[in-house]
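Chain by chain, the residues run as shown.
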Amino acid sequence: MEAVQAQVLSHYRSELVENIRAHGGVLAADNLTVKLAKEFGFCYGVERAIDLAYAAKKYFSEVSPNTPIYLLGEIIHNPEVNDQIRNMGIQIISPKPTEEELARLKSGDAVIIPAFGTEVGTRKKIEDKGCKIVDTTCGDVMSVWKRVRQYSKENVTSIIHGKAKHEETKATTSQARAYGSGHYLVVFTLLETAYVCDYILNGGDKHEFLEKFKGAYSAGFDPDIHLQAVGVANQTTMLRGETEEVQHRIKNAMIQKYGEAEIEKHFRFFDTICGATQDRQDALGKLLRDKLDLLIVIGGYNSSNTSHLAEMGEAKLPTFFIKNAAKMEPDKITHYNLHVHKEVETMNWLPPGKVTVGVTAGASCPNNLIEETIKRLFELRGISVQHLLAN
């Protein structure tokens, strides 16, 4: 990994971003001021995953040049980074490989597991093929796995606050069923949590419950049985405040149902929010207390932690969630709308006159993309960043 550091830096480093950081996170000229959040971009887990992928390519190229290297889906949720991985000659297969893809794998082939992990069954199939596994799973994700495995061994149902279709949550739910007789249920919103709490307290229509959460619970899950003892965990990239509210509501429901003295038999909780995710949310919260005219959030549209940054911004001021600087044009910006789940265009997005723009980025966004975004903002005002820094 040390040997590939220079290559990784050459692809993703930004002297401009480092310069702005060294000057208090602010760059200003004429009527435009850009303010960077204190924490943004690559976290340790993402850096480690990318380093391991680059190191794997270097290792197998030197030791066994004919060994194919495969990646399960995406190394992280950023399209530019994944394109770079693909351009290195690493072949992309599905996060949950099809039978046809599995048939391509031969003993000795290298398979990279992405930062958000993979399902227990998928890993076993790859191991059974005799492949060499390069596991880049983030340590924070593995901490969640450890917790839900413990719940499973204690016959406690894991209630996971997250997105049921997200790769990390799929990997976590597979852990919940792999080492015991526990079950799982995934809740995404506080509205869904309220529904579950009401069912715990008052019962209800089991068929309706199972239809409502279809695709978000374990095989054989019965709400009348498996909501009697629960443990809350979460996808590591959720908003801390929401996860805390989920566990608070479920704990209160259990206290109402079984009494304070019996709570330990019926409820467990362990804080599994990723530290880097929280740092970026806290930093954005602090930035949003400044006087800003608009916020730019940079990152992959399927990145959960980046989406939450955009949600935080939307609650306060005009916010534009973009994947790269090319989305910004003089008269319009093409950005991701979290509510309709697609790109939309906003006209006249950059007001004339004096403007202060906040900028942040998700944990899977490299600094070079942040640099390009900042340069583009100044270019739209006819200002060269290189000239600006030279002065």
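Conventions we followed
- Residues numbered from 1 in each chain as written.
- Predicted model: local features only at pLDDT ≥ 70, side-chain atom pairs only at ≥ 80, totals over all residues.
- Heavy atoms only, no water.
- Phe/Tyr/Trp six-rings, centres within 6.5 Å; stacked < 30°, edge-to-face > 60°.
- Helix = DSSP H or I, 4+ residues; strand = E, 2+ residues; numbered from the N terminus.
- Buried < 20%, exposed > 50% of the residue type's maximum accessible area, 1.4 Å probe, protein only.
- Lys NZ or Arg CZ within 6 Å of the ring centre and 35° of its normal.
- Core = buried A, V, L, I, M, F, W, Y, C linked by side-chain atoms within 4.5 Å.
- Patch = residues over 30% accessible without salt bridge, like charges linked within 9 Å, V, L, I, M, F, W, Y side chains within 5 Å.
- Areas by Shrake-Rupley, 256 points an atom, 1.4 Å probe, with all protein chains shown as cover.
- Salt bridge = Lys/Arg side-chain N within 4 Å of Asp/Glu carboxyl O.
- Lys, Arg positive; Asp, Glu negative; His and termini not counted.
- Charge placed at Lys NZ, Arg CZ, Asp CG, Glu CD.

Draft legend 1. Structural detail: the packing of aromatic side chains. Within this structure, the stated rule accounts for 13 aromatic pairs. Here Phe320 and Trp349 contribute two aromatic rings whose centre-to-centre distance is 6.0 Å and whose plane-to-plane angle is 75 degrees, an arrangement assigned as edge-to-face. Separated by 29 residues along the polypeptide, Phe320 in strand S12 (residues 319-322) and Trp349 in the loop between strand S14 (342-347) and strand S15 (355-361) bring together distant segments of the chain. According to the relative accessible area criterion, Trp349 is buried, its value standing at 4%. One aromatic cluster in this structure is built from Tyr195, Tyr199, Phe209, Phe213, Tyr217 and Phe221. A cation sits over an aromatic face here: Arg21 above Phe40, 4.1 Å from the ring centre.

Draft legend 2. Just the nonpolar core, in detail. If you look at the biggest cluster of nonpolar residues, it comprises 31 residues, and the most contacted ones within it are Ile296, Trp349, Val357, Val359, Ile370, Ile374 and Phe378. Counting residues in hydrophobic clusters, the runner-up holds 30 residues, among them Val156, Val186, Leu227 and Ile250.

Draft legend 3. Region of the structure containing a positive patch on the surface. Together, Lys38, Lys286, Arg289 and Lys316 give the surface a local cluster of positive charge. Note on placement: Lys38 falls in the loop between strand S2 (32-36) and helix H3 (44-63). With relative accessibility at 65%, the residue Lys38 sits in the exposed group.

As far as function goes, none of this settles anything; it's purely spatial.
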